[in-house]
Amino acid sequence: MLILLPPSKGKASEGSGPPLGELSFPKLDRARKRVVSALIRASKRRDAAQVLGLTPGLAGEAAKNTALRTAPTLPAADLYTGVLYDNLGLNTLDDAARARAEESVLIFSGLWGVLRVTDQVPPYRLSMGVSLPPLGGLAAYWRTHLAKELDRIPGLVVDLRSSTYAGAWQPGDRSVSVRVFRDGKVVSHMAKATRGEIARVLLQQEEAPGTPEELAKTLGNLGWTVDLTEPARANRPWLLDVHVTDPA
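Since the model is a prediction, treat every value here as computed from it, not as a measurement. (Residues numbered from 1 in each chain as written. Predicted model: local features only at pLDDT ≥ 70, side-chain atom pairs only at ≥ 80, totals over all residues. Heavy atoms only, no water.)

Engineer: Can you walk me through the pattern of salt bridges in this structure?
Structural biologist: Two side chains of opposite charge can pair, provided their charged atoms sit close to one another. Tallying each qualifying case throughout the model produces 8 salt bridges. The partner of Arg152 in a salt bridge is Glu149, and the shortest N-O contact between them spans 3.3 Å. For Arg152, a relative accessible area of 55% corresponds to the exposed category. According to the relative accessible area criterion, Glu149 is buried, its value standing at 6%. Among the ionic pairs, Arg179 bridges to Asp241, the shortest N-O distance being 2.7 Å. Highlighted residues: Arg179 in strand β9 (residues 175-182) and Asp241 in strand β12 (residues 238-243), separated in sequence by 62 residues. Exposure remark for Arg179: the relative accessible area of 31% places this residue in the partly exposed category. Its relative accessible area of 10% is what places Asp241 among the buried residues. Ionic contacts of the salt-bridge type, sharing partners, join the residues Glu61, Lys64 and Arg125 into one network. (Salt bridge = Lys/Arg side-chain N within 4 Å of Asp/Glu carboxyl O. Buried < 20%, exposed > 50% of the residue type's maximum accessible area, 1.4 Å probe, protein only. Helix = DSSP H or I, 4+ residues; strand = E, 2+ residues; numbered from the N terminus.)

Okay, here's the thing in structure tokens:
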């Protein structure tokens, strides 16, 4: 089983590990170096915040991108600090669940393409939704590179990514795309928390579900209210709708 996650806007402010070294999926290194170089150049521009789509409150973060090659690093498990990752709680998993996370969890990134939770990288600012000169849209840039690496990994894919990051790799009909509903409407902030909770409970299972039906049954047995829908057409994902209510 693979569990696909987006990164988070919330990130640790700095690392304490050695500068950038080897990452998982080394065949992506050439593509990563091109994005790093392009991001450093873009981040030195006067209009860096506009190019990178940074809000006024994050405009100063572009400066961090200029030191990517030499900045201290930290594991991806510690870098991302948003709502999804708070509810996933990677660092509070027991040893067995943590080992499953290291094997199963893939974090998608506009800068690195995809990371495992153990990969050490520096803090950065770059969304997959950015059109980065001269590479263009990053989801389209990464699509071919990631397919070559990830298509060969077998098993069920549980897709907990946002739409921006889902565009970088489509696993086809072995994938289950998880949507979160409240009162019949798709929700955003609560969806992040719910996706983090779902990732956590799946990592805590001794036996991973192997099919979409098994995934739906597992979550149902754990108290979630879910509806599973078959792919609308060939090579499209299954849909798993998770229905949540406001906490009492």
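Here the narrative resumes.
Engineer: I tried to follow the pairing of β9 on my own but got confused; where do I start?
Structural biologist: Put simply, side chains in a regular strand alternate between the two faces of the sheet. Burial within β9 is extensive, with 6 of its 8 residues counted as buried. The pairing of strand β8 (residues 157-159) with β9 spans 3 bridges and is parallel. Note that in β9 the partner of Val158 across the bridge is Val176. Here β9 runs beside β12; their pairing, made up of 6 bridges, is parallel. Within β12, the residue paired with Val180 across the bridge is Val242. As paired elements, β9 and strand β10 (residues 185-186) share 2 bridges and run antiparallel to each other. Each bridged residue has a counterpart across the sheet, and for Arg182 the counterpart in β10 is Lys185. Between the antiparallel neighbours β9 and β10 lie 2 residues, among them Asp183 with a positive phi of about 55°. (Pairing = 2+ DSSP bridges.)

Engineer: What's the story with the packing of aromatic side chains in this structure? I'm lost.
Structural biologist: Each aromatic ring pair is summarised here by two numbers: the centre-to-centre distance and the angle between the ring planes. As enumerated under the stated definition, the model contains 4 aromatic pairs in all. Look at Phe108 and Trp169: their rings are 6.5 Å apart centre to centre, the planes differ by 10°, and that puts the pair in the stacked class. Here Phe108, found in strand β3 (residues 105-109), pairs with Trp169, found in the loop between α8 (163-166) and β9; they are 61 residues apart in sequence, far enough to count as distant. In this structure Trp169 comes out as buried when scored by relative accessible area, which is 1%. (Phe/Tyr/Trp six-rings, centres within 6.5 Å; stacked < 30°, edge-to-face > 60°.)

Engineer: When you look at the environment of Gly196 in this model, what are you seeing that I'm missing?
Structural biologist: Summarising the element assignment, Gly196 is placed in helix α9 (residues 189-203). The class for Gly196 is buried, based on a relative accessible area of 0%. Sequence-wise, Gly196 and Asp86 are 110 residues apart; in three dimensions their C-alpha atoms are separated by 7.4 Å. Leave out the neighbours within four places in its chain, and Gly196 touches Leu84, Asn87 and Leu88. (Contact = heavy atoms within 4.5 Å.)

Engineer: It is not clear to me how the side chain of Asp159 should be interpreted in this structure. Could you clarify?
Structural biologist: Mapped onto the fold, Asp159 is located in strand β8. With relative accessibility at 4%, the residue Asp159 sits in the buried group.

Engineer: Can you walk me through helix α1 (residues 29-43) in this structure?
Structural biologist: An α-helix turns once every 3.6 residues. As a result, residues three or four positions apart point the same way. Between its first and last C-alpha atoms α1 spans 21 Å; for 15 residues at 1.5 Å apiece the expected length is 21 Å, and the two agree. Buried within α1 are the following residues: Ala31, Arg32, Val35, Val36, Ala38, Leu39, Ile40, Ala42 and Ser43. Lining the buried residues of α1 we find α2 (48-52), α3 (62-65), β4 (113-115), β6 (131-132) and α7 (138-150). (Expected span 1.5 Å × (residues − 1).)

Engineer: In this structure, what is going on with the nonpolar core? I would like to understand it.
Structural biologist: If you look at soluble globular proteins, the nonpolar side chains tend to sit buried side by side. Counting 83 residues, the largest nonpolar core has Phe108, Leu126, Leu132 and Trp142 as its most contacted members. Aside from chain neighbours lying at most four places away, what touches Leu132 is Val35, Ala38, Leu39, Ala42, Leu52, Leu126 and Leu138. (Core = buried A, V, L, I, M, F, W, Y, C linked by side-chain atoms within 4.5 Å.)

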